[in-house]
Amino acid sequence: MAETTDDRLRLLIERVERLEEEKKGISDDIRDVYAEAKAVGYDAKIMRQIVRLRKMKPDDRREMEMVLDTYKTALGLG
């Protein structure tokens, strides 16, 4: 029983390690895309913000924008 539990644990850990390696590869690919965008004149920082906004639900995005506008107005930035 302990041996099969040990094998299962080892297999799970190896799976996580493979996924971590894949995640690193994908992160490298994403960084390359942003570098390519920057090379042709796009602002990678703004692109990252747009990607983050596009992931949000429309209601959440509207709420965030309203709060941001409120804060900007309070600080005289609006």
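Visitor: Can you break down the overall build of the protein residue by residue, with the values?
Guide: Secondary structure assignment for the protein yields three helices and zero strands. Counting helices and strands in the order they occur from the N terminus, the protein gives α-α-α. For 78 residues, the compact-globule formula gives about 12 Å, and the C-alpha radius of gyration of the protein, at 21 Å, lies well above that figure. With the C-alpha coordinates aligned to their principal axes, the bounding extent of the protein is approximately 65 × 35 × 20 Å. Entry remark: accessible area of the protein is about 7400 Å², with carbon and sulfur atoms responsible for 58%. One finds the centroid of the 17 positive side-chain charges in the protein at a distance of 6 Å from the centroid of its 18 negative side-chain charges.

Visitor: Can you break down the environment of Lys45 residue by residue, with the values?
Guide: By secondary structure assignment, the location of Lys45 is in helix H2 (residues 44-55). When the C-alpha atoms of Lys45 and Tyr34 are compared, they prove to be 8.7 Å apart, with 11 residues separating the residues in sequence.

Visitor: Would you mind going over H2 in detail, with residue names and values included?
Guide: An α-helical turn contains 3.6 residues, so a residue and the one three or four places further along point in the same direction. Taking 1.5 Å of rise per residue, 12 residues should cover 16 Å, and H2 covers 17 Å from first to last C-alpha, within 8% of that figure. Measuring from the side-chain oxygen of the N-cap residue of H2 to the backbone nitrogen of Lys45 gives 3.0 Å; that N-cap residue is Asp43.

Visitor: I'd like a rundown of the pattern of salt bridges, residues and numbers included.
Guide: Evaluation of the coordinates by the stated rule reveals six salt bridges. For Arg10, the salt bridge identified is with Asp7, shortest N-O distance 3.9 Å. On the criterion of helical spacing, the pair formed by Arg10 and Asp7 is a turn pair, its members being three residues apart in helix H1 (residues 2-39). Note that Arg31 is salt-bridged to Asp28, the shortest N-O span being 2.7 Å. With a gap of three residues between them, Arg31 and Asp28 both fall in helix H1, about one helical turn apart. Put simply, Asp7, Arg10 and Glu14 are held in one network by salt bridges that share partners.

Visitor: Tell me about the packing of aromatic side chains, and name the residues and values.
Guide: Considering all chains together, one arrives at zero aromatic pairs under this definition. Residue placement shows Arg48 over the ring face of Tyr34; its charged tip is 3.9 Å from the ring centre.

Visitor: Quick one: what's the story with the environment of Arg61, residue by residue and with numbers?
Guide: Relative to the elements of secondary structure, Arg61 occurs in helix H3 (residues 58-74). For Arg61 and Gln49, which are 12 residues apart along the polypeptide, the C-alpha to C-alpha distance reads 12 Å. For Arg61, the residues in contact, after removing those within four places along its chain, are Leu53, Arg54 and Met56.

Analysis parameters
- Residues numbered from 1 in each chain as written.
- Predicted model: local features only at pLDDT ≥ 70, side-chain atom pairs only at ≥ 80, totals over all residues.
- Heavy atoms only, no water.
- Helix = DSSP H or I, 4+ residues; strand = E, 2+ residues; numbered from the N terminus.
- Rg over C-alpha atoms; globule rule 2.2 N^0.38 Å.
- Areas by Shrake-Rupley, 256 points an atom, 1.4 Å probe, with all protein chains shown as cover.
- Lys, Arg positive; Asp, Glu negative; His and termini not counted.
- Charge placed at Lys NZ, Arg CZ, Asp CG, Glu CD.
- Expected span 1.5 Å × (residues − 1).
- Polar contact = N/O pair within 3.5 Å; in protein donor to acceptor, adjacent residues only side chain to side chain.
- Salt bridge = Lys/Arg side-chain N within 4 Å of Asp/Glu carboxyl O.
- Phe/Tyr/Trp six-rings, centres within 6.5 Å; stacked < 30°, edge-to-face > 60°.
- Lys NZ or Arg CZ within 6 Å of the ring centre and 35° of its normal.
- Contact = heavy atoms within 4.5 Å.

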